[in-house]
Amino acid sequence: MADVYYFISDLHVGGDEQLQQVDFLDELLAFLEDLEHSDEDAELIINGDAFGLWEFTEVEGPAKFDALLDRYPELFEQLEVTGREIPITLIPGNHDYELAAYPEYVERLAEYNVTLEQEVSIERTVGDSVVHVEHGMQEDPNNRIPDFGNPYANPPGYFVNRQITSRAGQLSGRGKYNWLKDIQAVTPMTEIPDWLISNYFYREMSSWLRFSVVPFLLLFNVGLLYVAIFALDWFDVWSLPLTLVEELLGFFGPAGQLVELVLAGNLVIIVLLLAISIPLAVFVWDARKTLRRFGLVRSPTDREPVEKYLDRARDVFASEPRVAVYVYGHTHRPSATEVDGRLVINTGTWLKRLHRVDPLLGVLPPVYYASYQLNYFRLSAADDGDVLVEYEIIEKPDPDDETWLQQLLTRSLRRQRELPDKTVVNRPRERGSQLDESEVTE
């Protein structure tokens with residue numbers, strides 16, 4: 001056993017066409033090179049989804065490894081060099097589940113000094129405690145592997161990736177912006193419909209059409225108020241508000257007339273919507289019911305997704321008293337959560353992270369701001385057999401590829417450090433106050 005353990009996950013290296021692009025390759029190579037020159041007795045553990053094997057559709061089985069070698073020779077060269085100095089261990093996730101299904105992958109990765117553990121979970125000893133490591137897909141109904149190790153035991157998520165994610169990689173280059181490949185960064189999957197609508201509106205829609213409808217969408221909320229004022233006048237209840245609005249708009253001359261024209265257009269649209277609201281509501285209800293059945297939207301009664309993983313951690317803690325830290329990935333959301341005096345870690349992702357920001361006005365589509373959070377966790381023994389958990393972020397500039405219209409319509413996104421730099425987990429025999437410092441974050 002090593003003295004220090006480094007954890008990363010969800011790199012998703014590989015895939016068809018545009019999915020081949022790895023935006024963080026330079027940072028990953030530098031990270032591996034730093035470990036190569038470290039004097040520590042360390043081990044690097046990649047807890048799942050190192051590779052995007054599901055996203056390869058033109059080759060099958062172990063032949064995908066040759067595709068990875070051809071596309072990323074410098075990565076495997078660095079793995080080989082780093083692996084001479086410290087052990088590198090890899091466990092399968094769902095996107096690279098095939099690593100668990102073919103013995104050839106064990107031999108091929110060993111050539112590059114990477115040890116493939118074809119297991120759902122592994123454990124390591126740190127101080128007087130045990131660290132339990134999984135990828136986490138077994139707690140996700142859409143990606144749970146029903147017969148782990150069987151190459152044909154693919155979950156629903158496999159077919160979604162084959163038909164949607166891989167196809168997105170093939171088509172992304174045809175867009176006005178190369179954005180469709182980022183579909184694998186959209187989490188949870190229920191955000192995909194809104195994300196597609198957003199990118200169509202801000203990136204793919206014809207400019208003349210977009211800037212024709214923007215004034216109507218911006219003033220839609222104001223239009224609702226205008227409808228109420230117009231109705232008061234129409235039914236002879238109160239004419240003063242409409243008179244004041246007309247006088248105010250008249251004060252601004254042609255600009256006021258243009259606003260009045262937009263409000264009048266909104267009035268027509270709102271009246272039409274009211275006229276069809278009942279059949280439209282029935283249609284929306286039925287459509288959402290169908291999407292919920294396919295798992296594309298959440299039911300109001302659904303539990304928060306993170307709770308499934310915390311429940312899994314509780315089960316592990318209950319069955320293995322020496323386990324002080326439970327490590328998983330899969331959801332792409334780095335976190336450090338205290339559970340029953342122990343620590344649950346999510347190792348996040350090195351892919352882009354998308355943050356939804358709703359526009360300040362109107363009924364415009366949301367904007368998804370992209371950022372990077374290249375992170376790793378470092379676990380080592382602290383005093384008296386405790387576990388020291390350190391969280392580090394590798395700096396990488398955000399893509400900053402939002403259009404000026406997206407930036408104009410939304411409040412600027414402020415990034416904050418989400419996790420504590422250090423957390424000490426007390427050794428198993430002291431369960432009264434297990435953590436000296438921790439945060440519950442998601």
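Residues numbered from 1 in each chain as written. Predicted model: local features only at pLDDT ≥ 70, side-chain atom pairs only at ≥ 80, totals over all residues. Heavy atoms only, no water.

Caption draft 1: Structural view of the overall build of the protein chain. Within the protein chain, the regular secondary structure consists of 13 helices and 14 strands. Counting across all 442 residues of the protein chain, residues that qualify as buried make up 49%. The contacts of the protein chain with a sequence gap of at least 6 include a subset with a gap of at least 24, amounting to 70%. Positive and negative side-chain charges of the protein chain, numbering 38 and 73 respectively, have mean locations separated by a distance of 5 Å. (Helix = DSSP H or I, 4+ residues; strand = E, 2+ residues; numbered from the N terminus. Buried < 20%, exposed > 50% of the residue type's maximum accessible area, 1.4 Å probe, protein only. Contact = heavy atoms within 4.5 Å. Lys, Arg positive; Asp, Glu negative; His and termini not counted. Charge placed at Lys NZ, Arg CZ, Asp CG, Glu CD.)

Caption draft 2: Seen up close, the side chain of H135. Locating H135 in the fold gives a position in the loop between β6 (129-134) and α5 (156-171). Taking relative accessible area as the criterion, H135 reaches 0% and is therefore assigned buried. A distance of 3.3 Å separates the side chain of H135 from the side chain of H330, its partner in a polar contact. For H135, the contacting residues outside a window of four places in its chain are D10, N47, G48, D49, I91, P92, G93, N94, V120, Y328, G329 and H330. (Polar contact = N/O pair within 3.5 Å; in protein donor to acceptor, adjacent residues only side chain to side chain.)

Caption draft 3: Region of interest: helix α9 (residues 240-251). With twelve residues, α9 extends 17 Å between its outermost C-alpha atoms, agreeing within 8% with the 16 Å of an ideal straight helix rising 1.5 Å per residue. Taken together, the buried positions of α9 are P241, L242 and L249. Down the axis of α9, the smallest arc covering the buried residues is 95°, so these residues share one side. Among the exposed residues of α9, those oriented more than 90 degrees off its buried face are E247, G250 and F251. (Expected span 1.5 Å × (residues − 1). Arc of directions from axis to C-beta.)

Caption draft 4: Looking closely at the side chain of D182. Within the fold, D182 resides in the loop between α5 and α6 (192-204). Ignoring any residue separated from it by four or fewer positions in sequence, one finds D182 in contact with W195, K352 and L354.

Caption draft 5: Structural context of the sheet that holds strand β5 (residues 121-126). Sheet architecture is open: five strands sit in the order β5-β6-β7-β9-β8, paired in mixed fashion. Each end of this open sheet is capped by a strand with a single partner; those strands are β5 and β8 (335-339). Ignoring which end each strand starts from, the neighbouring axes of this sheet average 20° apart. Bridge count between β5 and β6: six bridges; the pairing is antiparallel. Bridge pairing in β6 links I122 to V133. Relative to the sheet, helix α12 (residues 305-319) contacts β6, β7 (323-328), β8 and β9 (342-346), its axis offset from that of β7 by approximately 145°. (Pairing = 2+ DSSP bridges. Axes fitted to C-alpha atoms, helices over the stretch in contact; angles between N-to-C directions.)

Caption draft 6: Fine view of the nonpolar core. Counting residues in each nonpolar core, the largest one holds 42 residues, and the members touching the most others are F31, L44 and F51. Tallying contributions element by element places helix α1 (residues 25-36) first for this core, with six residues. What F31 contacts, discounting residues up to four positions off in sequence, is I8, L44, W350, Y376 and I394. Core analysis: the next-biggest nonpolar cluster, separate from the first, contains 22 residues, I91, A324, A336 and L379 among them. (Core = buried A, V, L, I, M, F, W, Y, C linked by side-chain atoms within 4.5 Å.)

Caption draft 7: Region of interest: the packing of helix α2 (residues 63-71) against helix α3 (residues 73-85). In the contact formed by α2 and α3, the axes pass within 5 Å of each other and the chain directions differ by 95°. By the criterion of interaxial angle, the relationship of α2 to α3 is roughly perpendicular. The residues of α3 that touch α2, namely those facing F65, L68, L69, D70 and R71, are P73, E74 and F76. Considering only residue class, the contact of α2 with α3 consists of five nonpolar, no polar and three charged. (Parallel < 35°, antiparallel > 145°, perpendicular 65-115°, else oblique. Nonpolar A, V, L, I, M, F, W, Y, C, P; charged D, E, K, R; others polar.)

Caption draft 8: Region of interest: α3. Relative to the 18 Å expected for 13 residues at 1.5 Å per residue, α3 spans 19 Å between its end C-alpha atoms, a close match to the ideal helical length. Buried within α3 we find L75, F76, Q78, L79, T82 and G83. Looking straight down α3, one finds that the buried residues subtend no more than 160° of arc, so they occupy a single side. Facing away from the buried side of α3 by more than 90 degrees, the exposed set consists of R84 and E85.

Caption draft 9: Focus on the packing of α6 against helix α7 (residues 207-218). Packing of α6 against α7 leaves a shortest axis separation of 10 Å and a crossing angle of 120°. If you check the angle between α6 and α7, you find them oblique. Residues F201, Y202 and R203 of α6 pack against R210, V213, V214 and L217 of α7. Classifying every residue of the contact of α6 with α7 gives five nonpolar, no polar and two charged.

Caption draft 10: Focus on the pattern of salt bridges. Counted under the stated rule, the structure contains 15 salt bridges. The partner of E98 in a salt bridge is K64, and the shortest N-O contact between them spans 2.6 Å. Pair noted here: E98 is in the loop between β3 (88-91) and α4 (104-110) and K64 is in helix α2, with a separation of 34 residues, a long-range link. Across the pair, K64 and E98 agree in class, each one buried. The residue E390 makes a salt bridge to R378 at a minimum N-O spacing of 2.5 Å. On the criterion of sequence distance, the pair formed by E390 in strand β13 (residues 387-394) and R378 in strand β12 (residues 374-381) is long-range, its members being twelve residues apart. (Salt bridge = Lys/Arg side-chain N within 4 Å of Asp/Glu carboxyl O.)

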